[in-house]
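Working through the structure, step by step
Here is what each chain is made of, one letter per residue.
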Amino acid sequence: MSKKDWWIFLVTAFLIGVFPLVVQPFRSVSHYVDVMVFAGIFALVCIGLSMLMGYAGQISIAQAAFFGIGAYSSGILTVHFHMNPWAAMPVGAALAGFVAWLLGIPALRLKGHYLAMATLGFGVIVNIIMNEEVKWTGGPSGLVGIPGLSIGGREIFHELAWYYLVWGFVFMGLLFCFHVLHSRVGRALRAIHEEEAAAEAMGVPTARYKVQVFVLSAIFASIAGSLYTHYMAFINPSSFNLEWSIQFLLMVMVGGMQSLWGAVLGAVLMTFMRNEWLHVFADQEIIVYGALLLIVALFVPKGLVSLLPRLLPSRIFKSSGTREDES
Amino acid sequence: MLTVKSIHTYYGNIHALKGVSLHVGNGELVTLIGANGAGKSTLVNTICGLIQPRKGVIEFQGKPIQSLPPESIVPKGIALVPEGRQIFATLTVEANLQMGGYIHRHKREQIQEDLHRMLERFPILNERRQQLAGTLSGGEQQMLAISRALMSRPQLLVLDEPSMGLAPLITKEIFKIIQELREEGRTILLIEQNARAALNIADRGYVLETGKVVLQGEGTMLLQHQEVQRAYLGKGAKQIVDA
């Protein structure tokens, strides 16, 4: 990790850490902690997706499906098989990773955006399975009676505990991704994104890397899905459909594709918009999303995160310049 | 070192290379010239594994490589300086060079050492090592592309139209670098449209026309050849207006 990223990491961790203390005393905003739990879960999905989009240059329209695979794996294993939630989570992640691998091998060997097409179809298939396999998934009416998570024999019940748990996962995910990006593998990924043919000429196995990043993004989404399941204690297929896959894409694009911080920012911002600020538009909110995407694509193509350095004192950024993702 | 035996490459139904054969010996500088669409880049891409030939054999140091993917060919010792440079514009100069040493996974010291050697050799790159590669001038980018390729410590260096899009003076400089590399004992396959400059520094040359090798021989000999002079050097053409 570069010095700049460490600074942002520490500052962000601090802000996230004190956030509940600031909002909880005020009644009208105290439920923001709950919103932030969801934002954290979505941020985890978006970090994985940002690795895929921003660094491997591929688009997946099935992140909600992988999110759902994690959610339903955790749900089904704990409800029907009484498995420990902490054991079910890696099972779901392994399943999601395996499915992504199967899907990625043919789709990513081809050049161009075949992955987008393949994942579009795949997302729909997964959603149909969730709706039809009533015996296991509960069908459209959902899966109920999912146990919560517990640490050391004590169930995590309080919203605050969930908040810190979920954001702990987010920061661990970020650390992991930063580590990957600042290694030889990360440099290779950026090279693929930049000039695929030239990367190949350097001896980079481009297809294999793209598959690996896709698998990684699926695993992130799946772990987020498991957290979601145990937090909600109830899941139904409508949380994992195409609309949600597109929501995840939007979050990453609005926040900024070329930066992991953009993924986090986008997830938080969009979650607040969806849950808090866009209620007035009711069914028309899709129009607002469309407008937002257009504005971002036209005026801030690098995402909102690219505007942040202008707001902050420039001292922090001067040491390494304002260039993005410097190794 | 490199032997290409009657290679046939297709793009779908288009027969791009119709039985091309060539040979590059150890320490030789061999050039391949030809007009647009003759199949020069197709041949390069076939050698480097970016396209697979339908028929024919490519042998590198005695072993067939025609069915290997590029990521297996690079470690065998072939490095490509791609057409149009194709540097990684949003990466720094230093990161570009490190990418060149990609195949040397666990040899950090070697990469560091090579990196310093490249920066010493091209002081302009040293000055700009922390700059994004996209901000370099065309000539500097070409130097970067060449040194990036050298970072993999190749046995054979393949240069695909290094003079493309460069000012004549810069082209001269790039050709000087190529000549220096040859004098250091490197084996080079140089693909060029600039026939005169390429043949001047090459040991041997091949002339490619519509997917076939139509002429081959020593560099200076080809320079004198009537066909080459007519087709590529613009001499001996019928004068329409007498000066």
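Residues numbered from 1 in each chain as written. Chains lettered and ligands numbered in written order. Predicted model: local features only at pLDDT ≥ 70, side-chain atom pairs only at ≥ 80, totals over all residues.

**Let's talk about the overall build of chain A**
Within chain A, the secondary structure is distributed over 15 helices and 2 strands. For chain A, the C-alpha radius of gyration of 19 Å lies close to 20 Å, the compact-globule estimate for 327 residues. Taken over 327 residues, chain A has a buried fraction of 45%. The contacts in chain A between residues at least 6 apart in sequence include a share of 76% that link residues at least 24 apart. (Helix = DSSP H or I, 4+ residues; strand = E, 2+ residues; numbered from the N terminus. Rg over C-alpha atoms; globule rule 2.2 N^0.38 Å. Buried ≥ 20, exposed ≤ 12 C-beta atoms within 10 Å, placed from the backbone. Contact = placed C-beta atoms within 7 Å.)

**Looking at the confidence of the model for chain A**
Averaged over every residue, the pLDDT of chain A is 88; the share at 70 or more is 95%. The weakest mean pLDDT in chain A belongs to helix α15 (residues 315–318) of chain A at 49; the strongest belongs to helix α3 (residues 63–79) of chain A at 96. (pLDDT = per-residue confidence, 0-100.)

**Observations concerning unusual backbone geometry**
The backbone of H82 of chain A sits at a positive phi, close to 50 degrees, despite the residue not being glycine. With respect to the secondary-structure elements, H82 of chain A resides in the loop between α3 and α4 (85–109). Residue H82 of chain A is classed as exposed on the basis of its 8 C-beta neighbours within 10 Å. In this structure, Q86 of chain B takes a positive phi of about 50 degrees despite not being glycine. Following the sequence through the fold, Q86 of chain B ends up in the loop between β6 (78–81) and α3 (93–100).

**Overview of the packing of α3 of chain A against helix α11 (residues 242–255) of chain A**
Residues and elements named next belong to chain A. In contact at an axis separation of 7 Å, α3 and α11 are set at 115 degrees when each is read in the N-to-C sense. The angle between the axes of α3 and α11 places the two elements in the roughly perpendicular class. Contacts between α3 and α11 pair Q63, A64 and A65 from the former with W244, S245 and F248 from the latter. When the residues that make up the contact of α3 with α11 are grouped by side-chain class, the tally is 4 nonpolar, 2 polar and no charged. (Axes fitted to C-alpha atoms, helices over the stretch in contact; angles between N-to-C directions. Parallel < 35°, antiparallel > 145°, perpendicular 65-115°, else oblique. Nonpolar A, V, L, I, M, F, W, Y, C, P; charged D, E, K, R; others polar.)

**Quick notes on the interface of chain B and chain A**
How big an interface is tends to be stated in terms of accessible area lost as the parts join. If you look at the interface, chain B gives 21 residues, while chain A gives 16 residues. Taken together, the elements giving at least two residues each to the side of chain B that touches chain A come down to α2 (70–73) and α3 of chain B. For the side of chain B that touches chain A, the element with the most residues is α3 of chain B, which contributes 4 residues. The class makeup of the residues in the side of chain B that touches chain A is 15 nonpolar, 5 polar and 1 charged.

**Focus on α3 of chain B**
Residue pairs spaced three or four apart in an α-helix point in one direction, given the helix's 3.6 residues per turn. Burial within α3 of chain B is extensive, with 7 of its 8 residues counted as buried. All of the buried residues in α3 of chain B are V93, A95, N96, L97, Q98, M99 and G100 of chain B. Buried residues in α3 of chain B make contact with α8 (184–194) of chain A together with α4 (108–121), α5 (123–127) and α6 (138–150) of chain B.

**Quick notes on the sheet that holds β6 of chain B**
All names here are of chain B. Read across the sheet, 6 strands follow the order β6-β7-β8-β3-β9-β10 without closing on themselves; strand pairing throughout is mixed. Each end of this open sheet is capped by a strand with a single partner; those strands are β6 and β10 (212–218). Taking each pair of neighbouring strands and ignoring which way they run, the sheet shows an average axis angle of 15 degrees. Where helix α1 (residues 40–47) meets the sheet, it contacts β3 (29–34), β6, β7 (156–160), β8 (187–192) and β9 (204–209), and its direction lies at approximately 150 degrees from that of β7. (Pairing = 2+ DSSP bridges.)

**Here we look at the nonpolar core**
Counting residues in each nonpolar core, the largest one holds 163 residues, and the members touching the most others are A43, C46 and I47 of chain A together with V158 of chain B. Residue contacts for A43 of chain A: discarding those within four places in its chain leaves V170, A263, V264, A267 and V268 of chain A. (Core = buried A, V, L, I, M, F, W, Y, C linked by C-beta atoms within 7 Å.)

**Comments concerning helix α7 (residues 159–181) of chain A**
All names here are of chain A. Relative to the 33 Å expected for 23 residues at 1.5 Å per residue, α7 spans 33 Å between its end C-alpha atoms, a close match to the ideal helical length. All buried positions along α7 are accounted for by W162, Y163, V166, W167, V170, G173, L174, C177 and L181. Contact partners of the buried residues in α7: α1 (3–23), α2 (32–55), α8, α10 (206–232) and α12 (260–277). (Expected span 1.5 Å × (residues − 1).)

**Quick look at the confidence of the model for chain B**
Counting all residues, the mean pLDDT for chain B is 90, and 95% of those residues have values of 70 or more. Complex prediction metrics read pTM 0.81 and ipTM 0.72.

**Digging into the environment of P20 of chain A**
All names here are of chain A. Within the secondary structure layout, P20 lies in helix α1. Residue classification places P20 among the partly exposed residues on the basis of 18 C-beta atoms within 10 Å. Sequence spacing of P20 and Y163 is 143 residues, and the spatial spacing of their C-alpha atoms is 8.6 Å. Setting aside chain neighbours within four positions, we find P20 in contact with V33, L160 and Y163.

**A word on the pairing of strand β1 (residues 2–11) of chain B**
Residue and element names in this part refer to chain B. Relative to strand β2 (residues 14–24), β1 is paired through 8 bridges, and the arrangement is antiparallel. Paired with L2 across the strands is V24, a residue of β2. Linking β1 to β2, which pair antiparallel, is a turn of 2 residues; within it G12 sits at a positive phi near 60 degrees.

**Let's talk about the sheet that holds strand β5 (residues 63–64) of chain B**
The strands making up a sheet associate through backbone hydrogen bonding, with each pair oriented either parallel or antiparallel. All names here are of chain B. Across the sheet, which stays open at both edges, the 4 strands sit in the order β2-β1-β4-β5 with antiparallel pairing between neighbours. Two strands bound the open sheet, and with one partner strand each, they are β2 and β5. Packed onto the sheet, α1 meets β1, β2 and β4 (55–60) and runs at close to 70 degrees relative to β2.

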